[in-house]
Amino acid sequence: MIVDADSLEEALHKSLTATRTAIHVAGGATPDWERMIREVGTQARELTDA
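All values derive from a computational prediction rather than experimental measurement.

### Remarks on helix 2 (residues 33–49)
- Counted at 1.5 Å a residue, the expected span for helix 2 with its 17 residues is 24 Å, and the 24 Å between its end C-alpha atoms agrees.
- For helix 2, the full list of buried residues reads Trp33, Gly41 and Ala44. One face of helix 2 carries all of its buried residues, which in axial projection span an arc of 75 degrees. Opposite the buried face of helix 2, at more than 90 degrees from it, the exposed residues are Arg38, Glu46 and Asp49.

### Considering the layout of surface pockets
- One number sums up the size of the largest pocket: a volume of about 180 Å³.
- The set of elements that each furnish at least two residues to the lining of the largest pocket consists of helix 1 (8–25) and helix 2.
- If one sorts the elements of the lining of the largest pocket by residue count, helix 1 sits on top with 6 residues.
- Among the residues making up the lining of the largest pocket, the classes are represented as 5 nonpolar, 3 polar and 3 charged.

### Structural notes on the environment of arginine 35
- Counting through the fold element by element, arginine 35 comes out in helix 2.
- Taking the C-alpha atoms as reference points, arginine 35 and leucine 12, separated by 23 residues in sequence, lie 14 Å from one another.

Basis of the calculations
Residues numbered from 1 in each chain as written. Predicted model: local features only at pLDDT ≥ 70, side-chain atom pairs only at ≥ 80, totals over all residues. Heavy atoms only, no water. Helix = DSSP H or I, 4+ residues; strand = E, 2+ residues; numbered from the N terminus. Expected span 1.5 Å × (residues − 1). Buried < 20%, exposed > 50% of the residue type's maximum accessible area, 1.4 Å probe, protein only. Arc of directions from axis to C-beta. 1 Å grid on protein atoms, 1.4 Å probe; cavity = no way out; pocket = protein on both sides within 12 Å on 5 of 7 lines; lining within 4 Å. Points joined across faces, edges and corners; volume = space filled by probe spheres on them. Nonpolar A, V, L, I, M, F, W, Y, C, P; charged D, E, K, R; others polar.

So, in structure tokens, the structure goes:
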């Protein structure tokens, strides 16, 4: 997936939103999605700060 974004956080948000939408369209569920998003965001910030 390619997204147009000015920052890593924006790219993550856009790509994860599209991914969640695709899961829902396919009939899937996304329990605990918000928790997972927080964890991914934290890991991305740690990589960016390294």
